[in-house]
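Architecture at a glance
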Amino acid sequence: MIRRKIKFSHHYDVPFNQKEIVFVSYRHIDSDICNAVLEQLQTITHVAVWVDEHLTAGEYYDDEIEEAMLLSDVMIQIVTEHYFSEGSYTMERELPLAKEIGVKVIAVLCGNTTEDITSHLYNNADYVCTFQDSNSIAIALDKIHKEIQHMDFIPKFLHLTKRINTWYLTPKDMFQLAQGYFQLHKSDKMNLIPPQLTEDTAKRYARAAAIVGIEGAEALLKKLEG
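Here is a short report on the structure shown in this document. (Residues numbered from 1 in each chain as written. Predicted model: local features only at pLDDT ≥ 70, side-chain atom pairs only at ≥ 80, totals over all residues. Heavy atoms only, no water.)

**Focus on the overall build of the protein**
Short version of the rule: Each helix is a run of H or I in the DSSP string that is no shorter than four residues. Each strand is a run of E no shorter than two, and both are numbered from the N terminus. When a residue's accessible area, from a 1.4 Å probe over protein chains only, is under 20% of the maximum for its type it is buried; when over 50% it is exposed; and in between it is partly exposed. Between two residues, a contact is recorded if the distance between any of their heavy atoms is within 4.5 Å. In short, Shrake-Rupley with a 1.4 Å probe defines the accessible areas, and a residue's cover is counted only from the protein chains shown.
Across its full length, the protein carries 9 helices and 6 strands. The 226 residues of the protein split such that 47% are buried. Partitioning the intrachain contacts of the protein with sequence separation of at least 6 by distance along the chain shows that 71% fall at a separation of at least 24. Per element, the accessible surface of the protein, about 11,900 Å² overall, is 51% carbon and sulfur.

**Description of the pairing of strand β3 (residues 47-50)**
Rules: When DSSP finds two or more bridges between a pair of strands, those strands are recorded as paired. When the strands point away from the viewer and the connection leading from the first strand across the helix to the second strand turns clockwise, the crossover is called right-handed.
Across the two faces of β3 the burial is the same, with V47 and V49 and A48 and W50 all buried. Relative to β3, strand β2 (residues 20-25) is paired through 4 bridges, and the arrangement is parallel. Residue F23 lies in a different strand from β3, and its bridge partner there is W50. With respect to chirality, the unit in which β2 leads through helix α1 (residues 31-41) into the neighbouring parallel β3 is right-handed.

**Quick word on unusual backbone geometry**
Phi angles above zero are rare outside glycine, and K186 is one such case at about 65 degrees. Note that K186 resides in the loop between α7 (171-184) and α8 (199-211). The exposure class of K186 is exposed, given its relative accessible area of 71%.

**Description of the pattern of salt bridges**
Rules: Each reported salt bridge corresponds to a side-chain nitrogen of Lys or Arg within 4 Å of a carboxyl oxygen of Asp or Glu.
In this structure the tally under the stated criterion is 6 salt bridges. The salt bridge involving E66 is made with R93; its shortest N-O contact spans 3.2 Å. With a gap of 27 residues between them, E66 in helix α2 (residues 61-71) and R93 in helix α3 (residues 89-101) connect regions that are remote in the sequence. Close ionic contact of K203 with E199 constitutes a salt bridge, the shortest N to O distance being 3.4 Å. Taken as a pair, K203 and E199 lie in helix α8 at a separation of 4 residues, close to a single helical turn. A relative accessible area of 19% places K203 in the buried class.

**Things to note about the nonpolar core**
Test applied: Among buried residues, the Ala, Val, Leu, Ile, Met, Phe, Trp, Tyr and Cys ones that are joined through side-chain atoms within 4.5 Å form a nonpolar core.
Counting residues in hydrophobic clusters, the biggest one holds 24 residues, and the most contacted among them are V24, L41, I76, I106 and L141. Elements with a contribution of two residues or more to this core: β2, α1, β3, β4 (74-79), β5 (104-109), β6 (127-130) and α5 (134-149). Among the nonpolar cores identified, the runner-up in size contains 23 residues, and F8, M69, L97 and V103 belong to it.

**Quick word on the packing of helix α6 (residues 153-160) against α7**
The line we're drawing: Axis definition: a line fit to C-alpha positions, over the contact stretch in the case of helices; interaxial angles, taken between N-to-C directions, run 0 to 180 degrees. Between 65 and 115 degrees an angle is taken as roughly perpendicular, under 35 as roughly parallel, over 145 as roughly antiparallel, and anywhere else as oblique. In a left-handed crossing the near helix is turned counterclockwise from the far helix by less than a right angle, and in a right-handed crossing that turn is clockwise.
Where α6 meets α7, the closest approach of the two axes is 10 Å, and the angle between their N-to-C directions is 125 degrees. Overall, the two elements α6 and α7 adopt an arrangement that is oblique. Where α6 crosses over α7, the handedness of that crossing is left-handed. In contact with F153, I154, F157 and L160 of α6, α7 contributes D173, Q176, L177, G180, Y181, Q183 and L184.

**Side note on the state of the cysteines**
Disulfides are covalent bonds that link the sulfur atoms of two cysteine residues. Basically, it comes down to this: Working definition: a disulfide is two cysteine sulfur atoms within 2.5 Å of each other.
Overall, the coordinates contain 0 disulfides when judged by the stated rule. Here C110 stays free of any disulfide, with the sulfur of C34 as its closest cysteine sulfur at 9.3 Å.

**Examining the packing of aromatic side chains**
Here is the rule we go by: Working definition: a ring pair exists when centres of Phe, Tyr or Trp rings (six-membered ring for Trp) sit within 6.5 Å. Plane angles under 30 degrees give stacked, over 60 give edge-to-face, the rest tilted.
In total, this model carries 3 aromatic pairs according to the counting rule given. Between F23 and W50, the aromatic rings sit 4.9 Å apart at their centres with planes inclined by 20 degrees, giving stacked as the arrangement. Taken together, the residues span a long stretch of sequence, with F23 in strand β2 and W50 in strand β3 at a distance of 27 residues. The pair formed by F23 and W50 is uniform in burial state, with each residue classed as buried. With centroids separated by 5.7 Å and ring planes inclined at 65 degrees, the aromatic side chains of Y83 and F84 adopt a geometry described as edge-to-face. In this pair, the class of Y83 matches that of F84, namely buried.

Printed below as a string of C-alpha cells:
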C-alpha cells in the first residue's frame, strides 16, 4: 500500500491516467547528466516523472523508492561507468526491483561503452537510447505508451491495479477497476483479482464513477449491488 502521496513532475493539462509513470535511476555523481535527461523528459506530455531529488529530510528513502517503483511503468537508467560501481544502490536495489515487478527498462547510454555496460544493455534493457540523440528517449517512451494503450483487457486491468490504495486513481480508473472486478468475479480468472479489490471496494469505485457521470457506471453499480 502506498502510504503517502508520491511527488511527480508532469504536465497538468494531460489527465494523470493517460500518462506513463517514469522512474529515473541514476548515481548522484551523475546529477548533471540526469538533469539534462530530465529537461528532455519535460517536453513529453504523456509521462509523469519521479526522481529522488523530490525526497525531503525525514522521509524513509528505501520506502519511497519502492513505492515510486511500484507505481511506475518505466525505469529510465542514466548509464555511465558509475552506474556499475561497487555498492551501487541503482544496480543492487533499483534494477532488481524493476525486473521483479515488470517495469519496462530504458537504458540511456551516456559516455563510452565498456564491457560491463554492453553486457548490461543486452541482459536488462528493453530499449537502448543514447544521450546524444535527444529523440531516442521520446521514441522509446512513445512505443511503450502505445503498447500500454493497446493492451488487452486483462493486462490493462492488472496494470491499473498497481494504483489501488494510492492517490492516483481517477473516476475513470475506478470505473475500469470495478468493471474488471465484475467481469473476473466468479470466472475461471477470479484469482487475478488482487486481495485489496474487494466487492465493497468495487461498489465504492462504481458509485464514485457514477456520481461524476462516467458512462456505464450506474448500470455497473446496479449489477454489483444486484
